[in-house]
Amino acid sequence: MTLQGAVSGDNRPLMQPSTGQDFAPSGRPMNGVEEAQMFEEALKKSEPSEVRNLAKSLRERLQMSRDQHAYASEFFRHRYFLLAVPSVVLAALIGVVEVVVPGDGPWRKATVAVMSAVNTCILTITHMYGFQTQQEQHFQAAKTYATLVTEFDFAVWYPGYSDPAVMQKALASYLVVAEKKTKDLSANMPPVPTFIIQQVHRRSVDLGDTLGGGEVTDPGLARLRRIVDFLPALGSASVASKDFFGSGDTQHQIQGVAMAIFACQCVI
């Protein structure tokens, strides 16, 4: 029996398949504090033989939360570097242009002005979204959940593995500590991106992978990669059109056909 089954009497999976979140009776998603409280209620109503299943469900939920925050930390770290690295490069190039390019001509001024404006926009966007701050917050949350999993193993799982009564008592004590820590996290933690919740849930529940690992695919980066991959095909198609239609020479037309074939290969 899972957590929701112990509370409501059904056998619904621990997490909803649609969003990867537990839901309160009102239908809204629950936070970590409400989940801990429901585990406490389930523990009080459960029989000793059901305690191990309840403890296993709790451990899997903690692992999923750890993975979600770890992937969220990586997601925001990549977003931060995606903006921070170009900003650093532009700042360095501005200094190089001012030293290397002689004179005080209009092209020099225009180049420095454009690079400074682009760098200012990048820094402003980085500050507005706060990618680095969110990365650090999710990293700390992942560490907290990893600590909770370790504490669970040594305080609940290993001592009570062979004795459900011991596990039930240890689990009751552990839930008090877990509720306090998850309450602190819920008050200060930004939300995990939805695609991370869904993909971690799909891998953990649908595929049975509760040990972490694997990868989470960022749909935004996937779309950007497809656009970048499409650029060579676009360039090849342009060259093919110019060679085939812009010249009556047979050799240029053959080159145009070859470039068109290459463009099709890039698209496929």
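Quick notes on the rules
Residues numbered from 1 in each chain as written. Predicted model: local features only at pLDDT ≥ 70, side-chain atom pairs only at ≥ 80, totals over all residues. Heavy atoms only, no water. Helix = DSSP H or I, 4+ residues; strand = E, 2+ residues; numbered from the N terminus. Buried < 20%, exposed > 50% of the residue type's maximum accessible area, 1.4 Å probe, protein only. Contact = heavy atoms within 4.5 Å. Areas by Shrake-Rupley, 256 points an atom, 1.4 Å probe, with all protein chains shown as cover. Axes fitted to C-alpha atoms, helices over the stretch in contact; angles between N-to-C directions. Parallel < 35°, antiparallel > 145°, perpendicular 65-115°, else oblique. Left-handed = near helix turned anticlockwise from the far one by under 90°. Nonpolar A, V, L, I, M, F, W, Y, C, P; charged D, E, K, R; others polar. Phe/Tyr/Trp six-rings, centres within 6.5 Å; stacked < 30°, edge-to-face > 60°. Patch = residues over 30% accessible without salt bridge, like charges linked within 9 Å, V, L, I, M, F, W, Y side chains within 5 Å. Salt bridge = Lys/Arg side-chain N within 4 Å of Asp/Glu carboxyl O. pLDDT = per-residue confidence, 0-100. Polar contact = N/O pair within 3.5 Å; in protein donor to acceptor, adjacent residues only side chain to side chain. Expected span 1.5 Å × (residues − 1). Bend = angle between axes of the 7 residues up to and from the residue.

**Focus: the overall build of the chain**
A count of helical and extended segments in the chain gives 9 helices and 0 strands. Order of helices (α) and strands (β) in the chain, N terminus to C terminus: α-α-α-α-α-α-α-α-α. Counting over 268 residues, the chain shows a buried share of 37%. Taking the intrachain contacts of the chain between residues at least 6 apart in sequence as the baseline, contacts between residues at least 24 apart amount to 69%. When the accessible surface of the chain is totalled, it reaches about 15,600 Å², and 62% of it is carbon and sulfur.

**Here we look at the packing of helix α3 (residues 51-100) against helix α4 (residues 106-129)**
For the pair α3 and α4, the least separation of the axes is 9 Å and the interaxial angle reads 155 degrees. Relative to α4, the element α3 is oriented roughly antiparallel. In this structure, α3 crosses over α4, and the sense of that crossing is left-handed. Of the residues in α4, those in contact with Y80, L83, P86, S87, L90, A91, L93, I94, V97 and E98 of α3 are R108, V112, M115, S116, V118, N119, I122, L123, I125 and T126. Of the residues contributing to the contact of α3 with α4, the split by class is 14 nonpolar, 4 polar and 2 charged.

**Things to note about the packing of aromatic side chains**
Under the criterion given, the structure shown has 8 aromatic pairs. An angle of 70 degrees between the planes, with centres 5.4 Å apart, marks the rings of F75 and F195 as edge-to-face. Of this pair, F75 sits in helix α3 while F195 sits in helix α7 (residues 194-206), and the two are 120 residues apart along the sequence. Per residue, the accessibility class of F75 equals that of F195, and both read buried. Pairing F154 with Y158 gives two aromatic rings, centres 5.4 Å apart and planes at 80 degrees, and the pair type is edge-to-face.

**Comments concerning a nonpolar patch on the surface**
A cluster of nonpolar side chains, namely F81, V85, V89 and L93, defines an oily patch on the protein surface of about 330 Å² accessible area. Of the residues examined, V85 reaches a relative accessible area of 44% and is grouped as partly exposed.

**Let's talk about the confidence of the model for the chain**
On average, the chain scores 74 in pLDDT, and the residues at 70 or more come to 63%. Here helix α1 (residues 3-8) stands out as the element of the chain with the lowest mean pLDDT, 33, in contrast to helix α5 (residues 131-160), whose mean of 90 is the highest. Contacts for the low-pLDDT stretch residues 1-29, under 50 throughout, to residues beyond four places or in other chains number 64 contacts.

**Side note on the environment of Q168**
Turning to its location among the elements, Q168 is positioned in helix α6 (residues 164-188). Taking the C-alpha atoms as reference points, Q168 and V51, separated by 117 residues in sequence, lie 6.1 Å from one another.

**Looking at the pattern of salt bridges**
By the definition in use, this model includes 4 salt bridges. For R66, the salt bridge goes to D67, with nearest N and O atoms at 3.2 Å. For D67, a relative accessible area of 8% gives the class buried. With its nearest N and O atoms 2.8 Å apart, the salt bridge here joins E74 to R77. Of this pair, E74 and R77 both sit in helix α3, 3 residues apart, which is roughly one turn of that helix. Classification of E74 by relative accessible area gives partly exposed; the value is 33%.

**Regarding the side chain of T182**
Among the secondary structure elements, T182 is positioned in helix α6. Owing to a relative accessible area of 5%, T182 belongs among the buried residues under this scheme. Among the polar contacts made by the side chain of T182, one reaches the main-chain carbonyl oxygen of E179 at a distance of 3.0 Å.

**Some points on the environment of E98**
Within the element layout of this structure, E98 appears in helix α3. For E98, a relative accessible area of 42% gives the class partly exposed. Leaving out residues up to four positions away in the same chain, E98 has contacts with R108 and V112.

**As for α5**
Note: α-helices contain 3.6 residues per turn, so residues at a spacing of three or four share the same orientation. The end-to-end C-alpha distance of α5 is 42 Å, a good match for the 44 Å that 30 residues give at a rise of 1.5 Å each. A maximum bend of about 40 degrees is found in α5 at D153.

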